[in-house]
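Below are the chains, spelled out letter by letter.
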Amino acid sequence: AGVAHFLEHMLFNGTEQFPGNQLIDVLRGFGMEFGADVNAYTSYDETVYELHVPVDESDNLATGVDVLAEWLGAATIDEDEVVAERGVVLDEWRTRDQTLEGRQFQALADLFLADSPYDDRQPIGNDAAIEGMTSDLLRRFYDTWYRPDNAAVMVVGDIDIDEVEELVRDRFEGMGARADAAERPNLDMPAFDASQVLLLGDPDATETSVELT
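For clarity, every value in this text was computed on a predicted model and none was experimentally measured.

Undergrad: Go over unusual backbone geometry with me, naming the residues and quoting the values.
TA: Although it is not a glycine, Ile77 sits at a positive phi angle of roughly 50°. By the secondary structure assignment, Ile77 is in the loop between α3 (58-73) and α4 (79-97). Judged by its relative accessible area of 6%, Ile77 is buried. The phi dihedral of Asp120 is positive, around 60°, even though this residue is not glycine.

Undergrad: Please provide a residue-by-residue account of the environment of Ala74, values included.
TA: With respect to the helices and strands, Ala74 occurs in the loop between α3 and α4. By relative accessible area, which is 6% here, Ala74 ends up buried. Taking C-alpha positions, Ala74 is 9.8 Å from Tyr142, a pair spaced 68 residues apart along the chain.

Undergrad: Outline α4, supporting the account with residue identities and numerical values.
TA: With 19 residues, α4 should cover 27 Å at 1.5 Å per step; its first-to-last C-alpha distance of 26 Å lies within 8% of that length. Largest kink in α4: about 30°, centred on Glu85. Among the residues making up α4, those that are buried are Val82, Glu85, Val89, Leu90, Trp93 and Asp97. Along its buried surface, α4 packs onto α1 (3-10), α5 (100-112), α6 (127-131) and α7 (135-145). At the N-terminal boundary of α4, the capping side chain belongs to Asp78, with an oxygen 3.0 Å from the backbone nitrogen of Asp80.

Undergrad: Which residues make up the packing of α3 against helix α8 (residues 161-172), and what are the values?
TA: One can describe the packing of α3 onto α8 by two numbers: an axis separation of 10 Å at closest approach and a directional angle of 35°. The way α3 lies across α8 gives a crossing that is right-handed. Side by side, α3 and α8 meet where Leu61, Ala62, Val65, Asp66, Leu68, Ala69 and Leu72 of the first sit next to Val164, Leu167, Val168, Arg171 and Phe172 of the second. The class makeup of the residues in the contact of α3 with α8 is 10 nonpolar, no polar and two charged.

Undergrad: Which residues make up the environment of Gly35, and what are the values?
TA: Counting through the fold element by element, Gly35 comes out in the loop between α2 (22-29) and β1 (38-42). For Gly35, a relative accessible area of 46% translates into the label partly exposed. Taking the C-alpha atoms as reference points, Gly35 and Met154, 119 residues apart in sequence, are found 19 Å from one another.

Undergrad: An account of the environment of Ala62 is requested, with residue identities and associated values reported.
TA: As for its placement among the helices and strands, Ala62 is situated in helix α3. Sequence spacing of Ala62 and Val164 is 102 residues, and the spatial spacing of their C-alpha atoms is 8.6 Å. Each residue touching Ala62, except ones within four places of it in the same chain, is listed here: Leu167 and Arg171.

Reading the values: the criteria
- Residues numbered from 1 in each chain as written.
- Predicted model: local features only at pLDDT ≥ 70, side-chain atom pairs only at ≥ 80, totals over all residues.
- Heavy atoms only, no water.
- Helix = DSSP H or I, 4+ residues; strand = E, 2+ residues; numbered from the N terminus.
- Buried < 20%, exposed > 50% of the residue type's maximum accessible area, 1.4 Å probe, protein only.
- Expected span 1.5 Å × (residues − 1).
- Bend = angle between axes of the 7 residues up to and from the residue.
- Contact = heavy atoms within 4.5 Å.
- Polar contact = N/O pair within 3.5 Å; in protein donor to acceptor, adjacent residues only side chain to side chain.
- Axes fitted to C-alpha atoms, helices over the stretch in contact; angles between N-to-C directions.
- Left-handed = near helix turned anticlockwise from the far one by under 90°.
- Nonpolar A, V, L, I, M, F, W, Y, C, P; charged D, E, K, R; others polar.

Put into structure tokens, the structure is as follows:
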């Protein structure tokens, strides 16, 4: 629970080419800011990393592709960094999930995802899973799922397509899998065969809203 999301955090805490905070320093050296230009998110089905790279200097795009390649195949996942990151992820869990909006979202998720493979599988996990996260667990997940045949690289912008394709091939074609592929779970969703109604009261709610899906 929560491993994919926690690993997303860890990829900003060091790779082989960019150890420690060097990655952050390199990206900020381009004038990029976290949130606006450097972002990532983990949903139920995927983790996505986004870089908005200024191309006023030709080397910037190549460095951006280097960063993507490092994220896919060269994360360090240091245990001390994992321990330090637990507090960061716990704060995110508290401020996002342990609020009125978080409770409402969870109630809706329980309704929509009941009896499915996604049931009770919030991407961020829960406090116990976050507090118990280890580098060994993250490494096993990383080696199993972060693999070339399970990833896509997309480059959009004012670019020379042939040059960028060559750049991506140069960085990624020689990359191999680090572990055997895991068996993909069956993620079929059960069909709703009747109308469902959810009434949700909360002491923090200051207004009444109605939603029809």
